[in-house]
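# Structural overview
These are the residues of each chain, in order.
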Amino acid sequence: MSKSLEEIFNFQETADDCVKCGKCIPVCTIHQVNPDEVTSPRGFIDLLAQYQQGNLELDKNAKNIFESCFLCTNCVEVCPNDLATDMVIEEVRADIADKFGIAWFKRIAFYLLEHRKVMDVVMKFGFMFKTCAVAEDDKGRGLRARFSMPMVKKGRLLPSMSKVSFLNSQPEEILAPKQEEKNMRVALFIGCLANYNYVNIGDSLVDILKELNIDIFIPKDQLCCGAPAYFTGAVDSVERMTKANIEYFESFMDDCDAMLIPEATCSAMIKHDWQVFFKNHNMPEWEARAKKVTEKIHMATAWLDDNTELQNILKTRGTFDESVTYHDPCHARKVQGIYEQPRNLLAANYPMVEMSEPNRCCGFGGVTMQTEKFHFAEAAGKPKAAMIKNTKAHYVSAECSACKVQLSEAMNHAEVETIFKNPVELIAEALKK
Ligand code: SF4
Ligand code: SF4
């Protein structure tokens, strides 16, 4: 990031730096599905300058416009002046939340994400009574809504649910046999979707680390990374969750070689947005603590490929006929520069086939996009489902459960047969070969 946060969050300064070249327009996810200048990076930046000058009221129309950004960072990648449109949008969303409040269902969701024990009970009840409202998808891709509910159309594919969460099903410590050199010890941060909905991701990562003879520590009191609240502008929730996590991580991080996250969004939130949040809210002590505690935190495939013998071990195992196409989550490739390592590992056992635009946003877009603005998410998912279909791949893989939710539904809608799996799931299967 070449500009300081003070410069970025001075909306007028950002607008002055925009040379109106339009390079961001064709790659902008919202502009692709709603081709209007006001819903483009250039348009957002202009409107924000007007807002800062007092010429634009933050009314329902402005709220509607600023909530339509997918925060995909496609624009940042191509902008010749590195203008961080996503960050200024995140910033104005806090003002929107301040003025309009946060919708009741998002408040409940953020409360549950902050209170793991209550969430555990709610998810248990949800699992028991799920058959009333949803049915298992016949391809095992998730749950299908039996009837239309508020913000969920009949037939829409929703994330699957597990009887017991990942954190409640695994022991806190899993020790490997003692090696000649001191065993490595790795902590896991699992993310909420992988904890409650897609538990096979965490189980697979545990299997991989066992195969590598690495001691595993599963910190049971970890909370949500805060990403859903951050992208919605729920500042209070973000502050509570990030501070609680930092204090907790500090209590064990010195005894770990790394902390792994098999989720791009959680990893980007923790490694990038935590520091931005504290800097922007003038909490320098917490900013420094966030910086220090996240030094050993990595996306799972990146750390495994860069620091272990996993790739060589995989090459000693058999190969599969089923091909894989890899989708680059925005929060992995664009925010963290991670795209080679998951491909390196998967290519050891699976035929790889690239889709036409692996770096194009899947269209998940966050809580608001998946609920109040789902028509935009649906439209953004269509081209992605089509390019996956064209590859004829058996699996589409991405290290991100938000991409899994979005792509599974997009493929369900377009009747694409390809199955989504996180790369750690495919790697764990290859190790059993
Ligand atoms: S973050 Fe994505 S959706 Fe938002 S303005 Fe940039 S390209 Fe468009
Ligand atoms: S690419 Fe950057 S400088 Fe060019 S119009 Fe978009 S925001 Fe402005």
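Residues numbered from 1 in each chain as written. Chains lettered and ligands numbered in written order. Predicted model: local features only at pLDDT ≥ 70, side-chain atom pairs only at ≥ 80, totals over all residues.

### Focus: the pairing of strand E7 (residues 258–261)
Where strand E5 (residues 185–188) meets E7, three bridges bridge the pair, whose relative direction is parallel. Across the sheet, the residue bridging to valine 186 is alanine 258, located in E7. Sheet topology note: the E7/strand E8 (residues 297–299) ladder contains three bridges and is parallel. When the sheet's bridge partners are listed, methionine 259 is paired in E8 with isoleucine 297. (Pairing = 2+ DSSP bridges. Helix = DSSP H or I, 4+ residues; strand = E, 2+ residues; numbered from the N terminus.)

### Some thoughts on the site of ligand 2
Taken together, 16 residues sit near ligand 2, with Cys18, Cys21, Lys23, Cys24 and Cys79 positioned nearest. The element best represented in the shell around ligand 2 is helix H4 (residues 41–53), accounting for three residues. Taken together, the residues of the shell around ligand 2 break down into 11 nonpolar, two polar and three charged. (Near = placed C-beta within 6 Å. Nonpolar A, V, L, I, M, F, W, Y, C, P; charged D, E, K, R; others polar.)

### Quick notes on the nonpolar core
Generally speaking, a soluble globular protein has its nonpolar side chains buried in company with each other. If you look at the biggest cluster of nonpolar residues, it comprises 127 residues, and the most contacted ones within it are Leu48, Val88 and Ile427. Once residues lying within four places of it in the same chain are set aside, the contact partners of valine 88 are Ile8, Phe9, Phe11, Thr14, Ile45 and Leu48. (Core = buried A, V, L, I, M, F, W, Y, C linked by C-beta atoms within 7 Å. Buried ≥ 20, exposed ≤ 12 C-beta atoms within 10 Å, placed from the backbone. Contact = placed C-beta atoms within 7 Å.)

### Regarding the site of ligand 1
Of all residues adjacent to ligand 1, which total 14 residues, the nearest are Cys28, Cys69, Cys72, Asn74 and Cys75. Of all the secondary-structure elements, those providing two or more residues to the shell around ligand 1 are helix H3 (29–33), H4, helix H6 (74–78) and helix H7 (85–100). Looking at the shell around ligand 1 residue by residue, the classes come out as nine nonpolar, four polar and one charged.

### Observations regarding the domain arrangement of the protein
Parsing the protein into structural domains produces domain 1 (5–100), domain 2 (104–158), domain 3 (166–305) and domain 4 (318–431). With 13 residues of domain 1 in contact, the opposing surface of domain 4 contributes 13 residues. Counting residues per element, the ones that place at least two in the side of domain 1 that touches domain 4 are H3 and H6. If you tally residues by element for the side of domain 1 that touches domain 4, the top one is H3, at four residues. Considering only residue class, the side of domain 1 that touches domain 4 consists of five nonpolar, six polar and two charged. (Domains from an automatic or database assignment.)

### Focus on the sheet that holds strand E3 (residues 157–158)
Taking strand neighbours across the sheet as the criterion, the three strands line up as E1-E2-E3 in an open arrangement whose pairing is antiparallel. At either end of the open sheet lies a strand with only one pairing partner, and these are strand E1 (134–136) and E3. In terms of strand pairing, E1 meets strand E2 (residues 143–145) through three bridges, oriented antiparallel. Paired with valine 134 across the strands is alanine 145, a residue of E2.

### As for helix H14 (residues 235–250)
Along its 16 residues, H14 runs 22 Å from first to last C-alpha, staying within 8% of the 22 Å computed at 1.5 Å per residue. Within H14, the full set of buried residues consists of Ser237, Val238, Met241, Thr242, Asn245 and Phe249. Within H14, the buried residues cover an arc of 115 degrees as seen down the axis, which keeps them to one side. Exposed side of H14, more than 90 degrees from the buried face: Asp236, Glu247 and Glu250 are the residues found there. Packing partners of the buried residues in H14 comprise helix H8 (104–114), helix H13 (227–232), helix H15 (264–280) and helix H16 (284–293). (Expected span 1.5 Å × (residues − 1). Arc of directions from axis to C-beta.)

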